Amino acid sequence: MPDQRRTAREVLALVTDDGSFTELPPPARQSRPDGPLGWQGYDASRARAAERTGEEESVVCGTAAVEGTRAVLIAFEFGFLGGSLGERTGDRLVGAYAHAREHRLPVVPLIATGGSRMQEGMVALTQLQRVARQSALTRAAGLPQIAVLRDPTTGGGWATLGAGADVILALPGAQVGFAGSRVRPPDADPAAYTAEAQLAAGAADAVVRPEDLKGALGRWLRLLSGTNDRTSPAPVPAPVPAALAATDLPATGWAAVQRARSPERPRAHAYLDAYFTTRVHISGDRCGGTDPDGILCGFGEHHGRTVAFAAQTGTGTRPAGYRTAARLIRLADRLGVPVLTLVDTPGAANDAEAERQGAGAAIAEVFGAVAGARVPVTTLVIGEGGSGGALALAAPDNTWATPDSYFSVIAPELAAAILKRRKEEIENTADQLRIRPQDLVELGVIRGIVRDSGQESAPATSPPPP
């Protein structure tokens, strides 16, 4: 039997701590002969499914610990009528989500379903509305939802419990897509309906091997579940990372540019490695795109507490990267997690394809996410700060810079070209733009310059915190 085709009980045993699972009692519902449509033989089909699987419905719901973190788990039993959703399935899902909100627990759907149960017609399909409502209420309550996509995850189960989750993990080779294998076009490429294809398209965050699933799920639950008590004080800002390279300030604007562009300068990976003891990454904008080379987004542990991060990597950030960062900031805001952004880009990607992918709208999303965040956002400029593509990720009142960085309205070369200046005047133009870290402090654009000990080493000329 393939790993993805484990039964509901087997997948629960795979991811939960020994002896920790407690099944929730199913809600009572008066049964109608052969279901809401009077579908002849439906009762007999359900009886055979129950005898074959040992389950009374297509989902098993309960609470358990996953590497020490308690959660509500919803495990689908594909052997029960293809894991399909019917009225009684909907009752169990509503009960599970309500229990999660009452006890302030994260929700983990372990999905294996072919979709809605055709023997119950539109009554079955409308269960998706009930599920969507429960997911929305849980999201509004500030509780995380982490879905695991098993084989298969199709139809309404994918479009609600799966794609509607905050974080989406998938098992290798799992069939994942809105259209199931029997209803998609006959000439459709089957490779497009896989977990790997969904990851590449930005619709899933990671493909995880079964033997690694418990550990991955445990890390996500630990990082996302520590701040969901709404009675706790508002989160304090994430501390500013220490600078990892030069501590002396650049003498000229052009020197600042050269330092920031140096291939020897530490980049996002180095800063994240130094700042976090452990971290997990989200991937994709949920709109068909990813930008793994342009931005790193996720959650990490810093001195025992969770901090969300969105870190540019020194390249031109693409629209999918900005949308992923906006998704990250909005999720952190819902969960009450402070955000750290690392600015390092020569500017937003400006090729024709970037325009076709909605560069302006994607950058606007990030500006809006930062501006609207109720949690504190901390920003460190670690390299190039190129125009609006960099500013979008910068906290208006809590941005800092390293000595080997600059922030500019435009690159000095482009400024000189617009002003019709000779190449020999580029360096002077860099000085005129006042882009050095110390210039930015004096102008009030940033709060200070960090050295090797973090924000405490900000110069005396720093304006006081607002």
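Residues numbered from 1 in each chain as written. Predicted model: local features only at pLDDT ≥ 70, side-chain atom pairs only at ≥ 80, totals over all residues. Heavy atoms only, no water.

Observations concerning the packing of helix H11 (residues 319-335) against helix H13 (residues 359-372)
If you want to describe how two helices pack, look at the angle between their axes and the distance between the axes. The test is simple: Here an axis means a line fitted to C-alpha atoms, over the contact stretch when the element is a helix, while the angle between two N-to-C directions is reported on a 0 to 180 degree scale. Only DSSP runs of H or I reaching four residues or more are called helices, and only runs of E reaching two or more are called strands; each is numbered from the N terminus. When describing relative orientation, an angle under 35 degrees is termed roughly parallel and one over 145 degrees roughly antiparallel, while 65 to 115 degrees is termed roughly perpendicular and anything else oblique. Two helices cross in a left-handed way if the nearer one is turned anticlockwise from the farther one by less than a right angle. They cross in a right-handed way if the turn is clockwise. Should any heavy atoms of two residues lie within 4.5 Å, those residues are considered in contact. Asp, Glu, Lys and Arg are counted as charged, while Ala, Val, Leu, Ile, Met, Phe, Trp, Tyr, Cys and Pro are counted as nonpolar; the rest, among them Gly, fall into the polar class.
It is the contact of H11 with H13, at a shortest axis distance of 8 Å, that shows an interaxial angle of 20°. For the element pair H11 / H13, the angle class is roughly parallel. Where H11 crosses over H13, the two elements pack in a sense that is left-handed. Contact residues: Pro 319, Tyr 322, Arg 323, Ala 325, Ala 326, Ile 329, Arg 330 and Asp 333 in H11; Ala 359, Ala 362, Ile 363, Glu 365, Val 366, Ala 369, Val 370 and Gly 372 in H13. Here the contact of H11 with H13 is built from residues that sort into eleven nonpolar, one polar and four charged.

A short note on empty space enclosed by the protein
So the rule is basically this: Residues are called lining when one of their atoms sits within 4 Å of a cavity or pocket point, these points coming from a 1 Å grid over the protein atoms alone, where a cavity is a set in which a 1.4 Å probe fits but cannot get out and a pocket is an open set with protein on both sides within 12 Å along at least five of seven lines. Grid points are joined across faces, edges and corners, and a volume is the space filled by probe spheres set on the points.
Enumeration according to the criterion identifies one cavity of 30 Å³ or more in this entry. Volume-wise, the largest cavity comes out at about 100 Å³. The wall of the largest cavity is formed by Arg 29, Gln 30, Ser 31, Arg 32, Gly 35, Pro 36, Arg 46, Glu 87, Arg 88 and Glu 120. Residue composition of the lining of the largest cavity, grouped by class: one nonpolar, three polar and six charged.

Considering the confidence of the model for the protein chain
To keep it simple, the criterion reads: pLDDT is a per-residue confidence score from the predictor, ranging from 0 to 100.
Within the protein chain, residue pLDDT values average 92, and 95% of them lie at 70 or more. Scored below 50 in pLDDT, residues 455-466 shows 22 contacts in the model against residues more than four places distant or in partner chains.

Observations regarding unusual backbone geometry
For the bond from Asp 151 to Pro 152, the omega torsion is -5°, close enough to zero to count as cis. Of note in the backbone geometry, Glu 67 takes a positive phi value of approximately 50° without being a glycine. Its location among the elements puts Glu 67 in the loop between strand S2 (59-66) and strand S3 (69-76). Phi is positive for Arg 104, close to 55°, though the residue is something other than glycine. By secondary structure assignment, the location of Arg 104 is in the loop between helix H3 (87-103) and strand S4 (107-113).

Remarks on the layout of surface pockets
Put simply, the largest pocket is a space of about 660 Å³. As for the largest pocket, its lining consists of 22 residues, and the residues nearest its centre are Gly 114, Gly 115, Thr 154, Gly 180 and Arg 182. Within the residue set of the lining of the largest pocket, elements represented by two or more residues are strand S5 (146-154) and helix H6 (155-162). Classifying every residue of the lining of the largest pocket gives seven nonpolar, twelve polar and three charged.

So, the environment of Gly 300
To be explicit about the condition: To sort residues, take the accessible area from a 1.4 Å probe on protein chains only and compare it with the maximum for the residue type: under 20% means buried, over 50% means exposed, and anything in between is partly exposed.
Within the secondary structure layout, Gly 300 lies in strand S10 (residues 295-302). When its relative accessible area of 0% is taken as the criterion, Gly 300 is described as buried. As a C-alpha pair, Gly 300 and Thr 277 span 23 residues in sequence and 7.3 Å in three-dimensional space. Apart from the residues within four sequence positions on either side, Gly 300 is in contact with Leu 223, Phe 276, Thr 278, Arg 279, Arg 305, Thr 306, Val 307 and Phe 309.

Observations concerning the nonpolar core
Let me state the cut-off plainly: Note on terminology: a nonpolar core comprises buried Ala, Val, Leu, Ile, Met, Phe, Trp, Tyr and Cys residues joined through side-chain atoms within 4.5 Å.
Counting 63 residues, the largest nonpolar core has Leu 73, Leu 110, Leu 217, Trp 220 and Phe 299 as the members making the most contacts within it. In terms of residues, this core owes the most to one element, H11, which gives eight residues. One finds Val 59, Ala 100, Leu 128 and Ala 204 within the second-largest nonpolar core, a separate group that totals 29 residues.

Some points on helix H1 (residues 8-15)
We apply this condition: An arc is given here, and it is the one of the directions from the helix axis to the C-beta atoms.
Those residues of H1 that sit buried are Ala 8, Val 11, Leu 12 and Val 15. Along the axis of H1, the buried positions cluster into a sector of 105°, meaning they face one direction only. Those residues of H1 that are buried lie in contact with S2, S3, S4, S5 and helix H8 (210-225).

As for the pairing of S3
The cut-off we apply is this: We treat two strands as partners when DSSP finds at least two bridges between them. The handedness rule is simple: strands pointing away from the viewer, and a clockwise path from the first strand over the helix to the second, make the crossover right-handed.
Taken across its eight residues, S3 has seven buried, putting it largely inside the fold. Note: S2 against S3, eight bridges, orientation antiparallel. Considered in S3, the bridge of Val 59 is made with Phe 76. What sits between the antiparallel neighbours S2 and S3 is a turn of two residues, in which Glu 67 has the positive phi angle 50°. In this structure, S3 lies alongside S4, joined through four bridges in parallel fashion. Following the sheet pairing, Ile 74 is matched in S4 by Pro 109. Chirality of the crossover, the property in question, places the unit of S3, H3 and S4 among those that are right-handed.

Comments concerning the packing of aromatic side chains
We apply this condition: Put simply, two rings from Phe, Tyr or Trp (the six-membered ring, in Trp's case) pair if the centres are within 6.5 Å, and we call them stacked under 30 degrees between planes, edge-to-face over 60, tilted for the rest. Placement of a positive charge over a ring is assigned whenever Lys NZ or Arg CZ falls within 6 Å of the ring centre and within 35 degrees of the normal to the ring plane.
Applying the stated criterion across every chain yields a total of three aromatic pairs. Taking 6.3 Å as the distance between ring centres and 70° as the angle between the ring planes, the aromatic pair formed by Trp 220 and Phe 299 counts as edge-to-face. Of this pair, Trp 220 sits in helix H8 while Phe 299 sits in strand S10, placing them 79 residues apart in sequence. Of the two residues examined, Trp 220 and Phe 299, each falls in the buried class. Among the aromatic residues, ring-to-ring pairing joins Tyr 275, Phe 276 and Phe 309 into one connected group. Sitting above the plane of the Tyr 42 ring, Arg 46 keeps its charged end 4.2 Å from the centroid. Geometry around Tyr 193 places Arg 184 over its ring, the cationic atom sitting 3.7 Å from the centre.

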